[in-house]
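As a plain string of letters, each chain reads:
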Amino acid sequence: MIEEYRFGSITINGKTYDFDVEVYWTGEVLKWWRERGHVFDLSDVKRAVKKNPDVIVFGTGFYGICQVTKECKDYIKKRAIELKIEKTQRAVKIFNELFEESKKVVGLFHLTC
């Protein structure tokens, strides 16, 4: 599903995006904007959590600069959703593996830093 990731861009189903994205197991791709830039907080994941996925995969950027708050992690885990947090290149691979396993997976990917 995700064909390529490079610093600043990601290609999904033949379309290249140059902004941070939410990617759903259904094929839906949405722009992912966060209130605090390099911090992933509760308000940044509510839309994804509402879809009731099996797994949420965070891509913390090329260099892994972004951080996921404890409140955000707890909110996800409390809903029995598995959580994976990796640099974006590794997170993309995990997303694709889970997608191939027919998991209901959501990828939240920061494309730079």
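Here's a quick rundown of the structure. (Residues numbered from 1 in each chain as written. Predicted model: local features only at pLDDT ≥ 70, side-chain atom pairs only at ≥ 80, totals over all residues. Heavy atoms only, no water.)

## A closer look at the overall build of the protein chain
And step 1. Summing up its helical and strand segments, the protein chain has 3 helices and 10 strands in all.
And step 2. Written out in order from the N terminus, the α and β elements of the protein chain read β-β-β-β-β-β-α-β-β-α-β-α-β.
And step 3. Relative to the compact-globule value of 13 Å for 113 residues, the protein chain shows a C-alpha radius of gyration of 12 Å, a close match.
And step 4. Along the first, second and third principal axes, the C-alpha atoms of the protein chain reach 35 × 30 × 20 Å.
And step 5. Counting the 113 residues in the protein chain, one finds 46% classified as buried.
And step 6. Considering only contacts in the protein chain between residues 6 or more positions apart, those separated by 24 or more positions represent 65%.
And step 7. As presented, the protein chain carries roughly 6100 Å² of accessible surface, and 47% of it is formed by carbon and sulfur atoms.
And step 8. Between the centroid of the 20 positive side chains of the protein chain and the centroid of its 17 negative side chains there is a distance of 4 Å. (Helix = DSSP H or I, 4+ residues; strand = E, 2+ residues; numbered from the N terminus. Rg over C-alpha atoms; globule rule 2.2 N^0.38 Å. Buried < 20%, exposed > 50% of the residue type's maximum accessible area, 1.4 Å probe, protein only. Contact = heavy atoms within 4.5 Å. Areas by Shrake-Rupley, 256 points an atom, 1.4 Å probe, with all protein chains shown as cover. Lys, Arg positive; Asp, Glu negative; His and termini not counted. Charge placed at Lys NZ, Arg CZ, Asp CG, Glu CD.)

## Structural notes on unusual backbone geometry
Phi is mostly negative for residues that are not glycine, and the peptide bonds are mostly trans.
And step 1. A positive phi angle, close to 60 degrees, is found at Ala-80, a residue other than glycine.
And step 2. In this fold, Ala-80 is placed in the loop between helix 2 (70–78) and strand 9 (82–86).
And step 3. Even without being a glycine, Ser-102 presents a positive backbone phi close to 65 degrees.

## Observations regarding the packing of aromatic side chains
And step 1. Scanning the model with the defined rule gives 11 aromatic pairs in all.
And step 2. The interplanar angle of 80 degrees and the centroid separation of 5.0 Å between the aromatic rings of Phe-62 and Tyr-63 together place this pair among those described as edge-to-face.
And step 3. We classify Phe-62 as partly exposed; its relative accessible area is 33%.
And step 4. A relative accessible area of 54% places Tyr-63 in the exposed class.
And step 5. Every member of this aromatic cluster is reached through a ring pair, and the members are Tyr-5, Phe-7, Phe-62 and Tyr-63. (Phe/Tyr/Trp six-rings, centres within 6.5 Å; stacked < 30°, edge-to-face > 60°.)

## Some points on the sheet that holds strand 1 (residues 2–6)
Sheet strands pair via backbone hydrogen bonds, and the direction of the pair is either parallel or antiparallel.
And step 1. Strand order across the open sheet formed by 3 strands is 1-2-3, with antiparallel pairing between neighbours. The strands lining the two open edges of the sheet, one partner per strand, are strand 1 and strand 3 (15–17). Put simply, the sheet's adjacent strands are angled 15 degrees from each other on average, direction ignored.
And step 2. Sheet topology places strand 1 next to strand 2 (residues 9–12); 4 bridges connect them, and they run antiparallel. Across the sheet, Arg-6 pairs through a bridge with Ser-9, a residue of strand 2. (Pairing = 2+ DSSP bridges. Axes fitted to C-alpha atoms, helices over the stretch in contact; angles between N-to-C directions.)

## Let's talk about the side chain of Thr-60
And step 1. Following the sequence through the fold, Thr-60 ends up in the loop between strand 7 (55–59) and strand 8 (67–68).
And step 2. Beyond its immediate chain neighbours, meaning those up to four positions away, Thr-60 contacts Phe-40, Ile-65, Cys-66, Ile-85, Glu-86, Lys-87, Thr-88, His-110 and Cys-113.

## Things to note about the sheet that holds strand 7
And step 1. Taken in spatial order, the 5 strands make up an open sheet running 5-4-10-7-9, and their pairing is mixed. Strand pairing shows two members of the sheet lacking a second neighbour, strand 5 (29–31) and strand 9, which therefore form its edges. Strand-to-strand twist across the sheet, computed as the mean angle between neighbouring axes with direction ignored, equals 15 degrees.
And step 2. Sheet analysis places strand 4 (residues 21–24) next to strand 5, joined by 3 bridges and oriented antiparallel. When the sheet's bridge partners are listed, Val-23 is paired in strand 5 with Val-29.
And step 3. Against the sheet, helix 2 touches strand 7 and strand 9, its axis set at about 145 degrees to strand 9.
And step 4. Strands strand 4, strand 7, strand 9 and strand 10 (105–109) of the sheet are contacted by helix 3 (residues 88–100), whose axis makes an angle of about 165 degrees with strand 10.

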